[in-house]
Amino acid sequence: MSVAVTMFNGGRGAASIARGMLSTPGVGLSLVVNGYDNGQSTGALRRYLPGMLGPSDFRKNLLLHLDPADPAQAALTTVLEHRLPAGTTPAGLTEVIDAVAARSGRFAALPEEASALVAGHLRAFARRLAAAPHGFDLADCALGNLVFAGAYLRLGRDFNAAVDACARAFGSPVRLLNVTNGENAFLVALRRDGTLLADEADIVAPRDQRRPQAAITDLFLLPEPVGGRRRAQLEASPPEWARDDLLRERAEVTPNPRALKAIMKADLIVYGPGTPHSSLLPSYLTPGVADAVARSRAAAKVFVVNTRDDHDSRGLSAPDLVDRTLTYLGDPGNRRRLVTHVLSHHGTGVPPVPHAVLGRGEWAGARWLTADLEDPGRPGAHHGRRTADALLAIRDEAALAGAR
């Protein structure tokens, strides 16, 4: 019997769980991701190609099935993760592309079909760079991001088509889905003290989030980046005025119909762990997502608690994170049963789970469960197979209870 699993995901936070699902016979996995990343070279690439979303989290999810012990798969990993060194010129990029096409050097073990597809996408980006050589520095850029950028250019600047093309090129068994139809948008946040976090990179930057005034209170998707003058205006306004202004300026995004279908047809929905204010909560702002979750046939809709703090969530307890998920889904009281279960590691740590919640075994109408989920070899990371097994067991129990 096959089980359709749809997980809201970021770049790496739920990677071990996704690998655990992929290693489970009979599981078909869909990952729903947003493209608002704009840190470092990803941000530079988005500025160079106006209108393109950030490819980095999608690139990271193409690594899930690749085994570094297999030469061909290790070569595919190298394509995705190779960072171009400082001083790389357009001519230097062309040399790398030629090596990919010829399957030579570090790319010698590339499968022939993947080599041709990847080289074709890279050449499309190289042509754009030759035509407009100023405004983009190749230094420290992930080669895999340029594969996405080239696919985006080849496919009529259709970001979702580029995601599909790259998934084919790297042989991904995952249904990798952008949560929106590909409209460009920029993520900003407000802190309780009125400070504006002007982009996704600022949101995830290290800071002392434990101070109450430093906590992030609001997320917004805007059609344009916030410039310096506009930022100063917003920060000079009372927080409630800035919030109203940002709400009026928000970008119009539409849901990816295939993502909505994957949610509605899922047997199990997972709100994966990760960096909440950049990787996860923004996806729930997409119109139609909450309705799809409510209408889903999934027997279980499970929130997985992080096993460690992220910079953007310090000071928040595990129930706080559940509450924020429900709020961004537009169902703060969980009346629509958008979260049926919460799964957390049974050890002590962060984010903390109050003893009263563990004693009741319930929060916001959702059943709270604990299990041994942390990977002993990687403290702070989920053990992929154990967590996948726990999630599937929750689904099986819920499905059995529903059938009675």
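Model, not experiment: these values are computed from the prediction. (Residues numbered from 1 in each chain as written. Predicted model: local features only at pLDDT ≥ 70, side-chain atom pairs only at ≥ 80, totals over all residues. Heavy atoms only, no water.)

J.: Lay out the sheet that holds strand E5 (residues 196-197) in plain terms, naming residues and giving numbers.
T.: Across a sheet, strands are paired by hydrogen bonds formed along the backbone, either parallel or antiparallel in direction. The 3 strands are arranged E5-E4-E6 in an open sheet whose pairing can be described as antiparallel. The sheet is open, and its two edges are formed by E5 and strand E6 (216-222), each paired on a single side. The pairing of strand E4 (residues 186-191) with E6 spans 6 bridges and is antiparallel. Across the sheet, Ala189 pairs through a bridge with Leu219, a residue of E6. (Pairing = 2+ DSSP bridges. Helix = DSSP H or I, 4+ residues; strand = E, 2+ residues; numbered from the N terminus.)

J.: Tell me about helix H8 (residues 159-169), and please be specific about residues and values.
T.: Taken across its 11 residues, H8 has 8 buried, putting it largely inside the fold. Considered for burial, the residues of H8 that qualify are Phe159, Asn160, Ala162, Val163, Ala165, Cys166, Ala167 and Ala169. Buried positions along H8 lie against helix H3 (56-61), helix H4 (71-81), helix H6 (112-131), helix H7 (143-154) and strand E3 (175-178). Looking at where H8 begins, the residue whose side-chain oxygen comes 3.2 Å from the main-chain nitrogen of Asn160 is Asp158. In the segment just after H8, Gly171 is the residue with positive phi, at about 65 degrees. (Buried < 20%, exposed > 50% of the residue type's maximum accessible area, 1.4 Å probe, protein only. Contact = heavy atoms within 4.5 Å. Polar contact = N/O pair within 3.5 Å; in protein donor to acceptor, adjacent residues only side chain to side chain.)

J.: Help me get a handle on the pairing of strand E11 (residues 366-371), residues and values and all.
T.: Note: strand E9 (residues 341-345) against E11, 5 bridges, orientation parallel. Following the sheet pairing, His341 is matched in E11 by Arg367. Where strand E10 (residues 362-363) meets E11, 2 bridges bridge the pair, whose relative direction is antiparallel. By the bridge assignment for E11, Glu362 is matched with Arg367.

J.: I'd like a description of the pattern of salt bridges, backed by residues and values.
T.: Within the structure shown, the criterion is met by 19 salt bridges. The closest approach of N and O atoms between Glu81 and Arg59, which form a salt bridge, is 2.4 Å. Remark: Arg59 occurs in helix H3 and Glu81 occurs in helix H4; sequence separation between them is 22 residues. For Glu235, the salt bridge goes to Arg231, with nearest N and O atoms at 3.7 Å. Of the two residues, Glu235 and Arg231 are both situated in helix H10 (residues 228-236); the distance of 4 residues between them amounts to about one turn of the helix. Connected via shared salt-bridge partners are Arg230, Asp245, Arg248 and Glu249. (Salt bridge = Lys/Arg side-chain N within 4 Å of Asp/Glu carboxyl O.)

J.: Hey, could you go over the packing of aromatic side chains for me, with residue numbers and the actual values?
T.: Applying the stated criterion across every chain yields a total of 7 aromatic pairs. For the pair Phe8 and Tyr271, a centre-to-centre distance of 5.6 Å together with 5 degrees between the ring planes defines the contact as stacked. In this pair, Phe8 sits in strand E1 (residues 3-8) while Tyr271 sits in strand E7 (residues 268-271), placing the two residues 263 residues apart along the sequence. Since its relative accessible area comes to 1%, Phe8 is described here as buried. Ring centres 5.3 Å apart and planes at 35 degrees place the aromatic pair Tyr48 and Phe136 in the tilted group. Within this pair, whereas Tyr48 is found in helix H2 (residues 40-48), its partner Phe136 is found in the loop between H6 and H7, the two being separated by 88 residues in sequence. In terms of burial, Tyr48 and Phe136 fall into one category: buried. (Phe/Tyr/Trp six-rings, centres within 6.5 Å; stacked < 30°, edge-to-face > 60°.)

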